[in-house]
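# A closer look at the structure
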Amino acid sequence: MTGGSGVVVLDNGGGLLKAGFGGDMNPIAVVPNCMAKPPGSKKWLVADQLQAQDVDVTGMTLRRPIDRGYLINQEVQREVWERVIRNLLQVDPNNSSLLLVEPQFNPPALQHATDELVFEELGFKSLCVADAPSLVHLYEASRQPSLFRAQCSLVVDCGFSFTHASPVLQNFTLNYAVRRMDLGGKALTNYLKELVSYRSLNVMDETLLIDDAKEKLCFVSLDVPGDLRLARLSSNDNPFRCSYILPDGITHKKGFVKDLDEACRYCYLPANGESVRKDSSDNDRSKFEDKKKPELSQNEFVLTNERFLVPEMLFHPIDLGMNQAGLAECIVRAIQACHPHLQPVLFERIILTGGSTLFPRFTERLEKELRPLVPDDYQVKIIAQEDPILGAWRGGSLLAHRPDFESMCITKSEYEEMGSMRCHHGIMLTEIAVVPYSWSITFYYMFL
């Protein structure tokens, strides 16, 4: 055990599970929160076993414990936790406390199932639960105390299943103001699978490979119409065109991008891609005409406009037939649900967390979308976390290292005596979060 607190911190995400010890800067394990079985095999690979260099993930059958943000398969979750806790962390739960990051608005029935898993099957001696927004706020406030004197922020969590915009005050999430989009990393991956399958190869069963391609190649466009025009250029002049090589099971077991540096060059050009557009504007119109496409091997596919159309779902889902507001509108609605005196300070403290915020240009595009929706006399400041995948875990590590941490926990003996009373214990924190407006104003002026 590397952490001195004896507390296991577990951020149980739908896509990735982060686990380590309270007081540490980084988790020991960041692994897929799933089990998978290769074609023709009877053996299920769990968590970190999927990351081994000699494992070919092509055509694997996946089983996830979490669907649409909530625990649905307790057996799979137990297998993953057992693997992580006993093999990777190498701890005895009987002598350890657990800080668990759980989904917002987790139903009581699922809280009860989680309690059974923690106390009865794994045998932890005590449990503390927390939601991601409050932990992200706690971590950022510890890093930048001068920016958080008002003790409040808006945490935008672009996770695996959902995207939440959550106001946080005094380290408590204001649940009445939380707004949610039913879009996350999983939906983006599924959309990319559909596009590639329609235009190139059938990859509907290649979730892990398409996840990898999405993370390495997709980016957020600052000028969608202009980039669509560029994407129509012939192969040699198309700045977005790139190839993803699928595993062949012999020479390489993992998928990879052909010429990754060149593929990512456009993502980091100045806004509007001026240098590329100038070169292209001097070229003959014949470049828009289809030329003979280079032959592709059977184990690769090409991406062009898919690279920015997939993340575009988060900003304009209505363009893809989804009857939802975009991310900027979601943020504005969450802030407008708070007291008017809190609104200006929330617009100045928007924290981005979650894996989908790692797309290049995400922050710039969000600010561009937000500015027209915000009153002119309000400032807009967006804080991108240094590692948005680990933001909630690091906040949990800070909380678990506090001297009074054990007083926040429910012990195994209390659980055995009262049953799954954590639901009522958790409600106490939620009740504090829904503070009266007059309290919010007091807090605002005290720490401004």
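Everything here concerns the structure above.
On a predicted model such as this, the values are computed, not experimentally measured, just so you know. (Residues numbered from 1 in each chain as written. Predicted model: local features only at pLDDT ≥ 70, side-chain atom pairs only at ≥ 80, totals over all residues. Heavy atoms only, no water.)

## A word on the environment of glutamate 194
The condition that has to hold: For the purposes of this entry, the term helix denotes a DSSP run of H or I that reaches at least four residues, the term strand denotes a run of E that reaches at least two, and both are numbered from the N terminus.
With respect to the helices and strands, glutamate 194 occurs in helix H4 (residues 185-199). For the pair glutamate 194 and methionine 204, spaced 10 residues apart in the sequence, the C-alpha separation amounts to 6.9 Å.

## Focus on the sheet that holds strand E3 (residues 29-32)
Cut-off, in case you're wondering: At least two DSSP bridges between two strands are required for those strands to pair. By the convention used here, residues are in contact when the closest approach between their heavy atoms is within 4.5 Å. Inter-axis angles, ranging from 0 to 180 degrees, are taken between N-to-C directions of lines fitted to C-alpha atoms, where helices are fitted over the stretch in contact.
Spatially, E3-E2-E1-E9-E10-E20 is the arrangement adopted by the six strands of the open sheet, whose pairing is mixed. Both edges of this open sheet fall to E3 and strand E20 (410-411), since each of them pairs with a single strand only. Bridge analysis of strand E1 (residues 7-12) against strand E9 (residues 97-101) gives five bridges, and the strand direction is parallel. Each residue of the ladder has a partner; that of valine 7, found in E9, is serine 97. Sheet strands in contact with helix H2 (residues 108-122) are E9, strand E10 (126-130) and E20, and its direction is about 145° off that of E10. Running over the sheet, helix H14 (residues 391-400) touches E1, strand E2 (16-21) and E9 and is turned about 155° from E1.

## A look at the nonpolar core
Worth spelling out the cut-off: In this text, buried Ala, Val, Leu, Ile, Met, Phe, Trp, Tyr and Cys residues form a nonpolar core when linked through side-chain atoms within 4.5 Å. Relative accessibility decides the category of a residue: with a 1.4 Å probe and only protein chains considered, values under 20% of the type maximum give buried, values over 50% give exposed, and everything between is partly exposed.
One finds Leu327, Ile331, Ile350, Phe362, Leu366 and Leu370 to be the most contacted residues of the largest nonpolar core, which totals 65 residues. Setting aside residues no more than four positions away along its own chain, isoleucine 350 makes contact with Leu154, Val156, Ile331, Leu370, Lys381, Ile382 and Ile383. Val31, Val84, Leu117 and Leu122 belong to the second largest nonpolar core, which has 28 residues in total.

## Some points on the packing of aromatic side chains
This is how it is decided: Between rings of Phe, Tyr and Trp, where Trp is taken as its six-membered ring, a pair exists when centres lie within 6.5 Å; planes separated by under 30 degrees are stacked, by over 60 edge-to-face, and by other angles tilted. Comment: the charge-over-ring label is applied if NZ (Lys) or CZ (Arg) is within 6 Å of the ring centre and within 35 degrees of the ring normal.
By the definition in use, this model includes eight aromatic pairs. The interplanar angle of 35° and the centroid separation of 5.8 Å between the aromatic rings of phenylalanine 219 and phenylalanine 240 together place this pair among those described as tilted. Taken together, the residues phenylalanine 219 in the loop between helix H5 (207-217) and helix H6 (224-231) and phenylalanine 240 in the loop between H6 and strand E15 (242-245) connect sequence positions 21 residues apart. For phenylalanine 219, a relative accessible area of 0% corresponds to the buried category. Classification of phenylalanine 240 as buried rests on a relative accessible area of 0%. One aromatic cluster in this structure is built from Phe219, Phe240 and Phe308. The aromatic ring of phenylalanine 162 is capped on one face by arginine 180, whose charged end is 4.0 Å from the ring centroid.

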